[in-house]
Every structure is written in structure tokens, then in C-alpha cells.
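# Summary of the model geometry
Letter by letter, the chains look like this.
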Amino acid sequence: MQIEIDPHSGFCFGVTRAIGMAEEELRQQGKLYCLGDIVHNNRECERLEALGLYTIDHQRFATLHGERVLFRAHGEPPATYRIAKKQQLHIVDATCTVVLQLQKRIKQQYAEHPKAQIVIFGKAGHAEVLGLVGQTDGHAIVVEDVGDVMQLDFQRDIYLYSQTTKSLDDYQHIIQTIRRHLRPGAEFHSFDTICRQVANRIGNIAAFAAEHQLVLFVSGNKSSNGKVLFAECQRVNANSRQIERPDDIQPQWLGGVSSVGICGATSTPKWLMEQCKTKIQDILPTITHI
């Protein structure tokens, strides 16, 4: 049986950087708090927690004093930084550089055009989106799909941005919908803020999924990026399965299959995909009768 791991899958630059910063802090300090899951993958979180990383929520964060806290790649709103200053916390800021640049653009846009509608195409409540909305003192409007677009005031100016990990095609649909409904006299500006390292994976993973009889997509259930990429795998190859860990692999999936492709989200560590490959190799001798 051919078992191939997708060379394009695995941590994106922002996640790699955040985890590297956490590991360095843990080597030097032995203990570090992280505001929210450092990555939406339970196995990787468990690995780092074993090294001394403590995952906390915003409520717990506000009670700390003088501790070292990592801000993950998703970024945080200004209010979080104000709390950190008040509590004299040492922040290890691992905000992705792409997200950080987007935050600055939205903050500047809001300062220059406070009466315009600043719209963010993204998942409501997502950590990155909360950080972006925070740049506008909570005034930005979040749209998740074309249906949400119809809630906008098309007689007022609109400035549109996107969460960095959204689909380029979906973003174009949002742009086209706004343009069709915009009233005369209102201005509309859209900005290309989608991370290409993430966006390009859709095409890469589609090609990879088409090359194999069985696709095992390794991802945590919390990963928004994982949901998008797995949907693409299923679109191209109906025999695609999402798993979180090697033990999720069912022997019956491998019966009559000569080619297995293993891939994952931007939050999926390479070592976990390697473990899944090893698990398949361990299972194979037991399924010759299937």
C-alpha cells in the first residue's frame, strides 16, 4: 500500500512561530500561560502542556498578576492589552505578522472613517475576528455569508476586510453581492487580506485528495481552517475521513485500498500525521482478510 503525507499540510508560518516562541519560553522559564488554545489541535496542546504550558481563558487572565502570558497567533483586541498592563503581566506576543498588519489597517481605517461601515468577512466569535473587531471599539460588522451581507446599509460607505484564513472564492462572492446592492453615492472598498499561505492550500489539498483512494484528514474539531480544507477533500474524494488522532483510524477503511493520502489543517502538526502513517502500517498486517 502507498501511504503519502501531503507535503503542503501542517503548521502555517504563524502557528510555527507561536509554538516556537512558547517552546523557547518554556525552556527558559519552565512555566508559561497561554490565553486560549495555542493551536486548535488537542494533541499539540497536550504536548505543550506537558512541558509547562497552562491554557487559560480571558476570565482567568484578568486575575493574574506579574505572570508571563503568551498571546497566540490569532491576535487579541486592545482591551486585552489594557488588562495586561493593569495586571503588570509580561506578554509574549505571538500574534501572526499577517494578522497584526490587518489589525493595524482596520484600526487606521476606523480612525480615518469612523462613520463608514467597516465590515469583516469571518466567523463571528472566532479569536482572530474578535481581535479585528476590537480595533474599531466593537463597531465593525461581521458577515459570515452572503445572507449576512443583506443586513448592511447599502446607502452608506462600506470598507470590507476578510479574516486571514477565509476562502478566496467565498470572499469574491461577498464582494460581488455588495457591489450589486450598493446605492448611488455610497463608496465601496474591498481589501485583499487573506493569507495566501493558507488560501493556496485549498488548491493543493484538492489535487492531493484526487490522487488517493482513501484520504485521512487529520485535524482538531475546533479548527475553522480544518473545516474548510476537509470540505474540499470531500468534494474531490468522497472517501475522505476526518480524524483527530491515530486511534481514530478504523481497519475497515483500509480494506481494498492501495493508496492512502494523509493531510491536515494549518493547525495540524507534522508529527501527528507521521503517527497516523505508522498506525496504518501497524494495522495492515491484521487486515489481509478484509
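Here is a short report on the structure shown in this document. (Residues numbered from 1 in each chain as written. Predicted model: local features only at pLDDT ≥ 70, side-chain atom pairs only at ≥ 80, totals over all residues. Heavy atoms only, no water.)

### With respect to the pattern of salt bridges
For clarity, the threshold we go by: Here, a salt bridge means any Lys or Arg side-chain nitrogen found within 4 Å of an Asp or Glu carboxyl oxygen. A run of H or I in DSSP becomes a helix once it reaches four residues, and a run of E becomes a strand once it reaches two; helices and strands are each numbered from the N terminus.
Tallied over the full model, the rule gives ten salt bridges. A salt bridge links Asp 37 to Lys 222; the nearest nitrogen and oxygen atoms lie 2.8 Å apart. With Asp 37 in the loop between strand S2 (32-35) and helix H2 (42-49) and Lys 222 in the loop between strand S10 (214-218) and helix H10 (224-236), this residue pair connects regions lying 185 residues apart in the sequence. Between Arg 196 and Asp 192 there is a salt bridge, with its nearest N and O atoms 2.5 Å apart.

### Observations regarding the sheet that holds strand S1 (residues 2-5)
Two strands in a sheet stick together by hydrogen bonds in their backbones, pointing the same way (parallel) or opposite ways (antiparallel). Here is the rule: Each pair of strands is called paired provided DSSP finds at least two bridges between the two strands. Only the contacting stretch of a helix is used when fitting its axis, a line to C-alpha atoms as for every element, and angles between N-to-C directions run 0 to 180 degrees. Residue contacts are counted whenever heavy atoms from the two residues lie within 4.5 Å of one another.
Spatial ordering of the open sheet is given by S1-S12-S10-S11, a layout of four strands whose pairing is parallel. Looking at strand neighbours, the two that pair on one side only are S1 and strand S11 (240-243), the edges of this open sheet. Ignoring which end each strand starts from, the neighbouring axes of this sheet average 20° apart. Sheet topology note: the S10/strand S12 (residues 259-264) ladder contains five bridges and is parallel. Each residue of the ladder has a partner; that of Leu 216, found in S12, is Ile 262. Strands S1, S10 and S12 of the sheet are contacted by helix H9 (residues 196-210), whose axis makes an angle of about 160° with S12.

### What about the packing of aromatic side chains?
Definition in use: By convention, a stacked pair of Phe, Tyr or Trp rings (six-membered ring in the case of Trp) has centres within 6.5 Å and planes under 30 degrees apart, an edge-to-face pair has planes over 60 apart, and any other such pair is tilted. Here, a charge over a ring means that NZ of Lys or CZ of Arg falls within 6 Å of the ring centre while also lying within 35 degrees of the ring normal.
Tallied over the full model, the rule gives seven aromatic pairs. A ring pair is formed by Phe 71 and Tyr 81, whose centres lie 5.1 Å apart and whose planes are at 85°; its orientation type is edge-to-face. Remark: Tyr 81 occurs in helix H4 (residues 78-86) and Phe 71 occurs in strand S4 (residues 68-71); sequence separation between them is ten residues. Joined through ring pairs, the aromatic side chains of Phe 61, Phe 71 and Tyr 81 make up one cluster. Against the face of Tyr 54 rests Lys 31, its NZ or CZ located 5.9 Å from the ring centre.

### Considering unusual backbone geometry
We apply this condition: With a 1.4 Å probe rolled over the protein chains alone, any residue whose accessible area is under 20% of its type maximum counts as buried; one over 50% counts as exposed, and the rest are partly exposed.
At Gln 88, a residue that is not glycine, the phi angle is positive and equals roughly 55°. Mapped onto the fold, Gln 88 is located in the loop between H4 and strand S5 (90-93). In this structure, Asp 137 is a non-glycine residue whose phi angle is positive, near 55°. Tracing the sequence through the fold places Asp 137 in the loop between helix H6 (127-134) and strand S7 (141-143). Asp 137 sits in the exposed class, given a relative accessible area of 60%.

### Brief notes about the side chain of Glu 76
Using the following cut-off: All tallies of charge rest on Lys and Arg as positive and Asp and Glu as negative; His and the ends of each chain are not included. For this analysis, a polar contact is any N or O atom pair within 3.5 Å, provided that within protein one partner can donate a hydrogen and the other can accept it, and provided that sequence-adjacent residues contribute only side-chain to side-chain pairs.
Topologically, Glu 76 is positioned in the loop between S4 and H4. It is Arg 72 that comes nearest to the buried, bridge-free Glu 76 among opposite-charge side chains, at 4.8 Å. Engagement of the side chain of Glu 76 in a polar contact is seen with the side chain of Thr 80, the distance being 2.9 Å. Residues contacting Glu 76, with those up to four places away along its chain left out, are Leu 35, His 58, Phe 71, Tyr 81, Gln 103, Gly 131 and Gln 135.

### Re the sheet that holds S4
The strand order across the open sheet built from four strands is S3-S2-S4-S5, with neighbouring strands paired in parallel fashion. Looking along the sheet, the strands with just one partner apiece sit at the ends: strand S3 (53-56) and S5. The average undirected angle you get between the axes of adjacent strands in this sheet is 30°. Across four bridges, S2 lies against S3 in parallel orientation. Paired with Cys 34 across the strands is Thr 55, a residue of S3. Along the sheet, helix H1 (residues 13-29) contacts S2, S3, S4 and S5; its crossing angle with S4, the most-contacted strand, is approximately 170°.

### So, the pairing of strand S6 (residues 117-121)
Extensive coverage of S6 is indicated by the burial of five of its five residues. Across five bridges, S6 lies against strand S8 (residues 158-162) in parallel orientation. Counterpart to Val 119 in the pairing with S8 is Leu 160. Here three bridges tie S6 to S7, and the two strands are oriented parallel to one another. Looking at S7, one finds that Ile 120 is bridged to Val 142.

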